[in-house]
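Architecture at a glance
Spelled out from the first residue to the last, the chains are:
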Amino acid sequence: MSEPASISTGIAARYATAIFELAKEGSALTALEADLDTLETALNDSADLRAVLSSPVYSREDLGKAISALSDKLGLSATTKGALGMMAQNRRLFALPQLIAELRRMIADEKGEITAEVTSATVLTKVQADQLAATLKANVGKTVKLNVAVDENLIGGLIVKVGSKMIDTSIRSKLAALQHSMKEVG
């Protein structure tokens, strides 16, 4: 059974704080960021890896060996490899996705960046993405990193989430608003 989300998030936050501080002291935040990209790709690409991380069937020793071999194969830094080994020893690997998210947030804060979740009807061109990032930077005062997804159901336009703010310029939402206002009239 998997742990409740709040427990996973709490565990991930504690490990993330320790890993972040170690990387910051060693001036290895760039290496840590590269490790996070590599780990996230591995998790997204391998259902078997996700299953192993959350399975109670494997012993601590087996998990430790597997994580060590995986870290070597992926070329992860010593800090990340050690942290993953500790998580395996303590049976906390189930919190790895939350750990990655928390470390990304901490690194972005350190760099003065903010992430914007952007959903568009079509794939944004490089010019469109750059213009959007520049516009958002002017509004929020920080460098904006875009996390773009495509949802063809939007028909056209964008949905942009920055922190707690959301801007919905999609045609789908405009049609829904029009439909709602027409119901009120008739």
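Thresholds applied
- Residues numbered from 1 in each chain as written.
- Predicted model: local features only at pLDDT ≥ 70, side-chain atom pairs only at ≥ 80, totals over all residues.
- Heavy atoms only, no water.
- Pairing = 2+ DSSP bridges.
- Helix = DSSP H or I, 4+ residues; strand = E, 2+ residues; numbered from the N terminus.
- Right-handed = clockwise from strand over helix to strand, strands pointing away.
- Buried < 20%, exposed > 50% of the residue type's maximum accessible area, 1.4 Å probe, protein only.
- Axes fitted to C-alpha atoms, helices over the stretch in contact; angles between N-to-C directions.
- Patch = residues over 30% accessible without salt bridge, like charges linked within 9 Å, V, L, I, M, F, W, Y side chains within 5 Å.
- Areas by Shrake-Rupley, 256 points an atom, 1.4 Å probe, with all protein chains shown as cover.
- Salt bridge = Lys/Arg side-chain N within 4 Å of Asp/Glu carboxyl O.
- 1 Å grid on protein atoms, 1.4 Å probe; cavity = no way out; pocket = protein on both sides within 12 Å on 5 of 7 lines; lining within 4 Å.
- Points joined across faces, edges and corners; volume = space filled by probe spheres on them.

Every regular strand shows the same layout, with side chains that alternate between the two sheet faces. As paired elements, strand S1 (residues 113-120) and strand S2 (residues 143-150) share eight bridges and run parallel to each other. Counterpart to Thr115 in the pairing with S2 is Lys145. In the classification by handedness, the crossover that spans S1, the intervening helix H7 (residues 126-140) and the parallel S2 is right-handed. In terms of strand pairing, S1 meets strand S3 (residues 158-162) through five bridges, oriented antiparallel.

A word on unusual backbone geometry. Positive phi outside glycine occurs at Ser27, with the angle close to 50°. Inspection of the secondary structure puts Ser27 in the loop between helix H1 (5-25) and helix H2 (29-45). Its relative accessible area of 69% is what places Ser27 among the exposed residues. Here the phi dihedral of Ile155 falls at roughly 70°; this positive angle occurs in a residue that is not glycine. Mapped onto the secondary structure, Ile155 falls in the loop between S2 and S3. By relative accessible area, Ile155 is classed as exposed at 55%.

Our focus in this paragraph is the sheet that holds strand S4 (residues 165-168). The four strands lie next to each other as S2-S1-S3-S4, forming an open sheet whose pairing is mixed. Each end of this open sheet is capped by a strand with a single partner; those strands are S2 and S4. Here the strands of the sheet are splayed against their neighbours by 20° on average, with no regard to which way each runs.

Where nonpolar side chains cluster on the molecular surface, the patch consists of Ile155, Ile171, Leu175, Leu178 and Met182 and spans about 490 Å² of accessible area. With respect to the helices and strands, Leu175 occurs in helix H8 (residues 171-185).

Before going further, it helps to spend a moment on the layout of surface pockets. Empty space within the largest pocket amounts to approximately 390 Å³. In terms of lining residues, the largest pocket is bounded by 16 residues, among which Arg104, Arg105, Ala108, Thr115 and Lys145 are the most central. If you list the elements that add at least two residues to the lining of the largest pocket, you get H2, helix H6 (96-111), S1 and S2. In terms of residue count, the dominant contributor to the lining of the largest pocket is H6 (five residues).

What is shown is where atoms sit, not what they do.
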